[in-house]
Protein chains: 2
Amino acid sequence: MRLSTKGRYAVTAMLDLAIHHEEGPVTLADISENQGISLSYLEQLFARLRRQGLVEGLRGPGGGYRLSRRPQDISVAEVITAIGEGIDATQCEGNRDCQDGEECLTHQLWTKLGREIFDFLNGITLASFIERDDVNKVIQRQQGRVTLVAPRLGKTLA
Amino acid sequence: MRLSTKGRYAVTAMLDLAIHHEEGPVTLADISENQGISLSYLEQLFARLRRQGLVEGLRGPGGGYRLSRRPQDISVAEVITAIGEGIDATQCEGNRDCQDGEECLTHQLWTKLGREIFDFLNGITLASFIERDDVNKVIQRQQGRVTLVAPRLGKTLA
DNA sequence: GTAATTACCTAGTATTTTACTCAGGTAATT
DNA sequence: AATTACCTGAGTAAAATACTAGGTAATTAC
């Protein structure tokens, strides 16, 4: 289990989609502007998310991306693994022979801990995370603010 | 909250120390051989762990590193942050002004999730992780094996 | 139809991080 | 005094990160 800024981008972008799940697709341009991520980088991330079946793209005006499943059916762990951060990456990857014909201590301990972290993140869905009071308050505030200041910003925050 | 192979090295090395906590200090040379990490790289990691007060080094023959605190008083989260992976690393780091004078959505969502992951890992101590039956079984097996095959390997697995 | 909008794709690249190597220190034990 | 350990800093190859540039394809609005 790995966890880097790349995973953070993917998760927050997916949360953005989840927030606007009822309102139709969200364009990457909106997410890019919102979250300060370059458009092309987002495209690369979403290419993976799409190949993993987490999102679907809709071309043309009014298009964008939307979640393939309901927000309550997509976990944070799924998003992180979808962009390729679920790979174990131990030196002795598949090998059970990394040390004298047995698994090494590193392998055993880390795969165990990694699985626990995965299980933990697998229990957090996009919906469960958004539906909290504290997070919800921020979303409401942001929506109000941006609608007021720049209503043409797009669906992401409008 | 970040989590990379660097963090894995640190955590597994600390677990190694925790396993032999009753037996005196463990040398980096032993850990290096055990876990397949270069000695100098380990020295760099342990320099940080020492500065954070998680371990203490004992020089001279028979020396090595040992935990500063009891294994039940050191959490996995502490180890990861000690080597510098606890830093938030959002683009709008301390700034609450990253977007139009307000915190951005990314910042809010991720710091929230990051704190949850931290709390989770903070609940796992070196002792609690080792004392499980399944992990313990592996440790026992490894100790038996190495003692049999190469008794002079050192304290780490002997 | 045509033009605009959006997804989608490929290749290249600068920067940072990772993981390591080397070369020399300093300090404590025997 | 010799041994064995820790410490420091500089350098470096490989990988990951984050981005740039330039296309093609599908859909919508006119």
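Residues numbered from 1 in each chain as written. Chains lettered and ligands numbered in written order. Predicted model: local features only at pLDDT ≥ 70, side-chain atom pairs only at ≥ 80, totals over all residues. Heavy atoms only, no water.

Digging into a positive patch on the surface
Note the threshold: The patches described consist of residues with a relative accessible area above 30% and no salt bridge, like charges being joined within 9 Å and nonpolar side chains (Val, Leu, Ile, Met, Phe, Trp, Tyr) within 5 Å. Here the accessible surface of atoms and residues is derived via Shrake-Rupley with a 1.4 Å probe, and residues count as covered only by protein chains that are part of the display. Salt bridges are defined by distance alone: a side-chain nitrogen of Lys or Arg within 4 Å of a carboxyl oxygen of Asp or Glu. The positive count covers Lys and Arg only, the negative count covers Asp and Glu only, and His and the chain ends enter neither. Charged side chains are reduced to one point each, which is NZ for Lys, CZ for Arg, CG for Asp and CD for Glu. Per the convention used, a helix needs a DSSP run of H or I reaching at least four residues, while a strand needs a run of E reaching at least two, with both numbered from the N terminus.
Taken together, the side chains of Arg48, Arg50, Arg51 and Arg59 of chain A present a region of like positive charge at the surface. Residue placement: Arg48 of chain A occurs in helix α3 (residues 39-51).

Looking at the protein's contact with DNA strand C
We apply this condition: The nearness test applies per residue and asks whether one of its heavy atoms lies within 4 Å of the molecule or strand. Pairs of N or O atoms are called polar contacts if they sit within 3.5 Å, as long as, within protein, a hydrogen donor faces a hydrogen acceptor (for residues adjacent in sequence, only side-chain-to-side-chain pairs). Note on residue categories: nonpolar means Ala, Val, Leu, Ile, Met, Phe, Trp, Tyr, Cys or Pro, charged means Asp, Glu, Lys or Arg, and polar means any other residue, Gly included.
Around DNA strand C sit 28 residues, and of these Arg50 and Tyr65 of chain A together with Thr5, Ser40 and Arg59 of chain B come closest. At a separation of 3.0 Å, a base nitrogen of DNA strand C approaches a polar side-chain atom of Gln44 of chain B. When residues of the surface near DNA strand C are traced back to their parent elements, those giving at least two are α3, β1 (55-58) and β2 (64-67) of chain A together with α1 (5-19) and α3 (39-51) of chain B. By residue class, the composition of the surface near DNA strand C is nine nonpolar, twelve polar and seven charged.

Some words on the pairing of strand β1 (residues 55-58) of chain B
All names here are of chain B. Just so we agree on the cut-off: Pairing between two strands is assigned when DSSP locates at least 2 bridges connecting them.
As judged from the four bridges shared by β1 and strand β2 (residues 64-67), these two strands associate in the antiparallel manner. By the bridge assignment for β2, Gly57 is matched with Tyr65. Hairpin connection between β1 and β2: a loop of five residues separates the two successive antiparallel strands, and Gly60 in this loop has a positive phi of roughly 85°.

Thoughts on the protein's contact with DNA strand D
With respect to spatial proximity, 24 residues lie near DNA strand D, and among them Thr5, Ser40 and Gln44 of chain A together with Arg50 and Tyr65 of chain B are the closest. In the model, a phosphate oxygen of DNA strand D is placed 2.7 Å from a nitrogen or oxygen of the Arg50 of chain B side chain. When residues of the surface near DNA strand D are traced back to their parent elements, those giving at least two are α1 (5-19) and α3 of chain A together with α3 and β2 of chain B. Considered class by class, the residues forming the surface near DNA strand D number six nonpolar, eleven polar and seven charged.

A short note on the confidence of the model for chain A
Residue and element names in this part refer to chain A. The cut-off we apply is this: pLDDT is a per-residue confidence score from the predictor, ranging from 0 to 100. Whether two residues are in contact is decided by their heavy atoms: any pair within 4.5 Å suffices.
Looking at chain A as a whole, its pLDDT mean stands at 76, while 69% of the residues score no less than 70. Below a pLDDT of 50 lies the segment residues 89-102, which in the model reaches 29 contacts outside its immediate sequence neighbourhood of four places, other chains included. Low pLDDT, under 50, characterises residues 144-158; the stretch is placed with 30 contacts to residues that sit more than four places away or in other chains.

Some points on the nonpolar core
This is how the line gets drawn: The term nonpolar core refers to a set of buried residues drawn from Ala, Val, Leu, Ile, Met, Phe, Trp, Tyr and Cys, joined through side-chain atoms within 4.5 Å. Classification of residues uses two cut-offs on accessible area relative to the type maximum, computed with a 1.4 Å probe and protein chains only: under 20% is buried, over 50% is exposed, and between them is partly exposed.
Counting residues in each nonpolar core, the largest one holds 78 residues, and the members touching the most others are Phe46 of chain A together with Phe46 of chain B. Residues contacting Phe46 of chain B, with those up to four places away along its chain left out, are Ala13, Leu17, Leu28, Ile31, Val55 and Tyr65 of chain B.

Quick look at helix α2 (residues 28-35) of chain B
Most of α2 of chain B sits inside the fold, with six of its eight residues counted as buried. Looking only at α2 of chain B, the buried set comprises Leu28, Asp30, Ile31, Ser32, Asn34 and Gln35 of chain B.

Focus on the environment of Glu23 of chain A
All names here are of chain A. With respect to the secondary-structure elements, Glu23 resides in the loop between α1 and α2 (28-35). In this structure Glu23 comes out as partly exposed when scored by relative accessible area, which is 40%. The spacing of Glu23 and Arg66 is 43 residues in sequence and 9.6 Å in space, taken between C-alpha atoms.

Considerations on the pattern of salt bridges
All names here are of chain A. Scanning the model with the defined rule gives six salt bridges over all chains in all. Two residues, Glu78 and Arg69, come together in a salt bridge whose shortest N-O distance is 3.0 Å. Classification of Glu78 as partly exposed rests on a relative accessible area of 24%. Residue Arg69 is classed as partly exposed on the basis of its relative accessible area, which comes to 31%.

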